[in-house]
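Each chain, letter by letter, is given below.
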Amino acid sequence: MRIDIISAAPNLLESPFNHSIVKRAKEKGLAEIVIHDLRTFGLGNYKQIDDTQFGGGAGMVLMIEPISKCIDALKAERRYDEIIYMTPDAKTLNQSTANTLSLQENILILTGHYKGVDQRVRDMFVTKEISIGDYVLNGGEVAALVMIEAISRLIPGVIGNPESLAEESHNEIGALEYPTFTKPAQWRGLTVPEVLMSGNHGQIAQWRRDEALRRSKLAE
Ligand code: 6GU
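These lines cover the structure that appears in this document, whether it is placed above or below. (Residues numbered from 1 in each chain as written. Predicted model: local features only at pLDDT ≥ 70, side-chain atom pairs only at ≥ 80, totals over all residues. Heavy atoms only, no water.)

Let's talk about the sheet that holds strand 7 (residues 128–131)
And step 1. What the 5 strands build is an open sheet, ordered 2-1-6-5-7; its pairing is parallel. The two strands at the open ends of the sheet, each matched to only one other strand, are strand 2 (32–37) and strand 7. When the angles between neighbouring strand axes are averaged without regard to direction, this sheet yields 30°.
And step 2. For strand 1 (residues 2–7) and strand 6 (residues 106–111), the ladder comprises 5 bridges, and the chain directions are parallel. Paired with I6 across the two strands is L110, which belongs to strand 6. (Pairing = 2+ DSSP bridges. Helix = DSSP H or I, 4+ residues; strand = E, 2+ residues; numbered from the N terminus. Axes fitted to C-alpha atoms, helices over the stretch in contact; angles between N-to-C directions.)

Concerning unusual backbone geometry
And step 1. Residue K183 is joined to P184 through a cis peptide bond whose omega torsion reads 5°.
And step 2. Within the secondary structure, P184 sits in the loop between helix 7 (162–167) and strand 8 (186–187).
And step 3. Although it is not a glycine, S20 sits at a positive phi angle of roughly 60°.
And step 4. When its relative accessible area of 45% is taken as the criterion, S20 is described as partly exposed.
And step 5. The backbone of K47 sits at a positive phi, close to 50°, despite the residue not being glycine.
And step 6. Along the chain, the position of K47 falls in the loop between strand 2 and strand 3 (50–52).
And step 7. For K47, a relative accessible area of 37% translates into the label partly exposed. (Buried < 20%, exposed > 50% of the residue type's maximum accessible area, 1.4 Å probe, protein only.)

Observations concerning the site of the ligand
And step 1. In the region of the ligand, the neighbouring residues are M86, T87, P88, I130, S131, I132, G133, Y135, L137, G139, G140 and A143.
And step 2. Interatomic distance of 3.3 Å between a side-chain N/O atom of S131 and a nitrogen atom of the ligand.
And step 3. For the ligand, the protein covers 96% of the area, taking 290 Å² as the surface of the free molecule.
And step 4. Of the residues forming the shell around the ligand, the biggest block, 3 residues, is contributed by strand 5 (residues 82–92). (Near = heavy atom within 4 Å. Polar contact = N/O pair within 3.5 Å; in protein donor to acceptor, adjacent residues only side chain to side chain. Areas by Shrake-Rupley, 256 points an atom, 1.4 Å probe, with all protein chains shown as cover.)

Spelled out as structure tokens, the structure:
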């Protein structure tokens, strides 16, 4: 899978891609992530990328021309399955969306800054708009990182044991994960549920289902 990101703050993005699960996906040749500095496509000597909005009002708006130049150049190289605009005024990312995106070949992510982008960018280029929750971040970069981490670990082959994906929180049954324990069995008087040390796999599975459901109810 190839992920292109267009950003006005590219240095915010670089470090996380060289660590963690995203790094693993890159090293295995399963994900390629390319960051494009919007400023490179800026207008004039000052490489302008934003301007005040028509009609007045606070905040600068990212202009359509630098963005269109960048997107046109990328689209000339390959076909994109989705062109995603990260914005708080969109549908919230969930596990199902992450799953769908993890199966795509090429996605292009546009991260907004300041007061957003010229609406015509959204109308002309963007095929999907995604938020990561009901709060406002200063730019879409951190939101893009969150989404890319959620996607990367789902790309087939990135995680060694796919069972851990099927079992984890927020998969299709909607139940949260069951509680987990490791050694020591006793720690400052706190013990581990007896059933987990019983060796009875049927009872263990039943206990885990019950606990997962109990947690899901508590989280509702
Ligand atoms: Cl995608 N962008 C910004 N700027 N703020 C957000 C967001 C995105 N998702 C939640 N808050």
